[in-house]
Amino acid sequence: MNLLTRRTKAYLVRRSLQKGSMILAGSMIQGFAMAVFLFPHAIPSGGAAGLAVLLNYWFQLPMSIGLWLMNFLFLITSIQYLGKISAVGTIGVITTTAVSVNFFEVYFRTPFENIWLDLLTGSIFLGLGITLLLKQRVSNGGIGFVALALSKQKKVDPGKALFWMNGFIFLLTAVVINWQIVIQALLCQWLSTRIVSWLYRVSFPPVLQMAWRNKRDG
């Protein structure tokens, strides 16, 4: 019984470490996509990012702080409807993402200096980061919580709610800064969601899974 308990505890610890590492990686990758490829062109990756772009434009508030602040405000408005456990995980995600944005803005520059290549590359990395988070059952931002809360309270489709909220913010950002932002933001959303849809169904081949088990057992 003690041996079984030790193995169970070891398994739970291993699973927790694996989950934590995937959440950390996903948060850092989406922060990398935003800071290096999207934000330099004022392309918002979502509604909260769009508001962060506006705060930077109006008040020169650093993108990392604006992104964290907007996500946190969205989150606390819906936490009562969706529970504290998921909210804690999301706070960890938005904090890690904001810190990553700040780090990558300082130490990295895009190798392309072309808005369309940056848009494509940023969307791919963004989709990869979001996929890692979704596979761990964690939201990548606070505005998604608002959409889920509206779905629960008003019985509306969360996808439609998210689309209209993001769309309004994209339109506002375009009116204030540049009309092309709407096209670029929507294209970023379309490309990144296609990446998510494709990668979410991808799993390791049985051969790799068996090799991993054999290595672990050995």
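Further up the page is the structure itself.
Residues numbered from 1 in each chain as written. Predicted model: local features only at pLDDT ≥ 70, side-chain atom pairs only at ≥ 80, totals over all residues. Heavy atoms only, no water.

Enquirer: Which residues make up the packing of aromatic side chains, and what values do they have?
Expert: Applying the stated criterion across every chain yields a total of 13 aromatic pairs. With 5.5 Å between their ring centres and 85 degrees between their planes, F32 and F37 make a pair best called edge-to-face. Pair check on accessibility: F32 and F37 agree, each one buried. Within the aromatic cluster, the residues linked to one another by ring pairs are F32, F37, F103, F104, Y107, F108, F112 and F125. (Phe/Tyr/Trp six-rings, centres within 6.5 Å; stacked < 30°, edge-to-face > 60°. Buried < 20%, exposed > 50% of the residue type's maximum accessible area, 1.4 Å probe, protein only.)

Enquirer: Provide a residue-level description of the environment of T131, including the pertinent values.
Expert: Relative to the helices and strands, T131 is located in helix α5 (residues 115-135). By relative accessible area, T131 is classed as buried at 4%. Through-space distance from the C-alpha of T131 to that of R201 is 9.7 Å; in sequence the pair is 70 residues apart. In terms of polar contacts, T131 uses its side chain to reach the backbone carbonyl oxygen of G127, at 2.7 Å. (Helix = DSSP H or I, 4+ residues; strand = E, 2+ residues; numbered from the N terminus. Polar contact = N/O pair within 3.5 Å; in protein donor to acceptor, adjacent residues only side chain to side chain.)

Enquirer: Kindly report on unusual backbone geometry, identifying the contributing residues and their values.
Expert: The phi dihedral of A42 is positive, around 60 degrees, even though this residue is not glycine. In the Ramachandran plot, Q60 falls in the positive-phi region, its phi being about 55 degrees despite a non-glycine side chain. Looking at the element boundaries, Q60 is found in the loop between α2 (47-59) and α3 (63-82).

Enquirer: So what's going on with a nonpolar patch on the surface? Residues and values would help.
Expert: Taken together, the side chains of Y57, W58, F59, F168 and L172 define a hydrophobic patch exposed on the protein surface, amounting to about 590 Å² of accessible area. Those elements giving two or more residues to the nonpolar patch turn out to be α2 and α7 (158-176). Top element by residues in the nonpolar patch is α2. It accounts for three residues. For W58, the position within the fold is in helix α2. (Patch = residues over 30% accessible without salt bridge, like charges linked within 9 Å, V, L, I, M, F, W, Y side chains within 5 Å. Areas by Shrake-Rupley, 256 points an atom, 1.4 Å probe, with all protein chains shown as cover. Salt bridge = Lys/Arg side-chain N within 4 Å of Asp/Glu carboxyl O.)

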